[in-house]
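A look at the structure
Here is what each chain is made of, one letter per residue.
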Amino acid sequence: MDLKLGGKIALVTGAGGGIGAAIATTLAVHGCTVYLGDTNVAAASKVAAECRGLGYPIALDVGVASAAADAVGRVVRERNRIDILVNNAGILKTGHVAEATLADWDDVCRVNLSGVYYCCNAVLPAMSAQRYGKIINIASVSAAKGGGAFGNVLYGTTKAGVVALTKGLARELAPHGINVNAIAPGVTETGMTGPLLTPERRRDVLAAIPAGRFAIPDDIASTVALLASDVLGYVNGATIPVDGGYLTR
């Protein structure tokens, strides 16, 4: 399917690996010029090299408001617009909530929730001026579960905040031609989750997924591409599970 994304300008956060890398390369396949934001610029550079000459790594710590503004400012200076923002960057703290420190809470909130807000806030002037924009936030099924497979209450709480933020922004920004949606991936085979999936936990989690497999990054990336296009232009404020049916149970 031709999603007519050729020539669109995108910024993907957390693009140095896993889901973010898949999103960046998928958007490039569809013809987008993609800026790959990550704290690990070397990793982002490697992914950018796979983006068909359309990838540009950029240093970005989403949890710092000035860094988000600087990254978006660079994109707009170089391209005179920004069409797509994918808020993918996130960190995971696992274990029982009683074992979490206040520093853990602050870290997870800073990246997973404040980082989304900072990046959204940074693109609003340009997207409002051009009266066009697609914002896709990567949430999680853990938002609906108050945590998830790894006892990640802190993570799930921040992702629930992302879902609420998505709805509010969609309502307020629709009159400016900006769509805001979220994707809620299920457990996905990435470098972040792989070490946490002991054989016992892998068995138990798979038993809860009707599809009988974990997600792979491309499952999420293809959904992002659809939401980034005008094919789903009337979808706004939605959180779409990409979870193999996990939330049906």
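Nothing here was measured: the structure is a model prediction, and the numbers come from that model.

1. A closer look at the environment of Ala-15
- Within the secondary structure, Ala-15 sits in the loop between β1 (9–13) and α1 (18–29).
- Ala-15 gets classed as buried once you look at its relative accessible area, which sits at 0%.
- For the pair Ala-15 and Val-41, spaced 26 residues apart in sequence, the C-alpha separation works out to 9.4 Å.

2. A few points about the packing of helix α4 (residues 102–130) against helix α6 (residues 153–173)
- Closest axis-to-axis distance for the α4/α6 pair is 9 Å, and the angle between their directions is 15°. Our classification of the angle between α4 and α6 gives roughly parallel. Two packed elements cross with a definite hand, and for α4 against α6 that hand is right-handed. Here Asp-104, Trp-105, Val-108, Cys-109, Asn-112, Leu-113, Val-116, Tyr-117, Cys-120 and Leu-124 of α4 lie close against α6, whose contacting residues are Leu-154, Tyr-155, Thr-157, Thr-158, Lys-159, Gly-161, Val-162, Leu-165, Leu-169 and Leu-173.

3. Concerning the side chain of Thr-190
- Within the element layout of this structure, Thr-190 appears in the loop between β6 (178–185) and α7 (199–207).
- Leave out the neighbours within four places in its chain, and Thr-190 touches Gly-18, Ile-19 and Pro-217.

4. Considering the sheet that holds strand β2 (residues 33–38)
- With parallel pairing, the 7 strands of this open sheet are ordered in space as β3-β2-β1-β4-β5-β6-β7. Since the sheet does not close on itself, it has two edges, and those belong to β3 (55–59) and β7 (239–242), each with one partner. Across this sheet, the average inter-strand angle for adjacent strands is 20°, counted without regard to direction.
- Pairing geometry for strand β4 (residues 84–87) and strand β5 (residues 133–138), over 4 bridges, is parallel. Across the sheet, the residue bridging to Asn-87 is Asn-137, located in β5.
- Strands β1, β2, β4 and β5 of the sheet are contacted by α1, whose axis makes an angle of about 170° with β1.
- Here helix α2 (residues 41–48) sits on the sheet and contacts β2 and β3; the angle it forms with β3, its principal contact strand, is near 170°.

5. Overview of the environment of Ile-84
- The topology assignment puts Ile-84 in strand β4.
- In the structure, Ile-84 is positioned 33 residues away from Tyr-117 in sequence and 15 Å away in space, judged by C-alpha atoms.
- Ile-84 has contacts with Leu-5, Lys-8, Ile-9, Ala-10, Leu-11, Cys-32, Met-127, Lys-134, Ile-136 and Ala-228, leaving out every residue within four places of it along the chain.

Cut-offs and rules
Residues numbered from 1 in each chain as written. Predicted model: local features only at pLDDT ≥ 70, side-chain atom pairs only at ≥ 80, totals over all residues. Heavy atoms only, no water. Helix = DSSP H or I, 4+ residues; strand = E, 2+ residues; numbered from the N terminus. Buried < 20%, exposed > 50% of the residue type's maximum accessible area, 1.4 Å probe, protein only. Axes fitted to C-alpha atoms, helices over the stretch in contact; angles between N-to-C directions. Parallel < 35°, antiparallel > 145°, perpendicular 65-115°, else oblique. Left-handed = near helix turned anticlockwise from the far one by under 90°. Contact = heavy atoms within 4.5 Å. Pairing = 2+ DSSP bridges.

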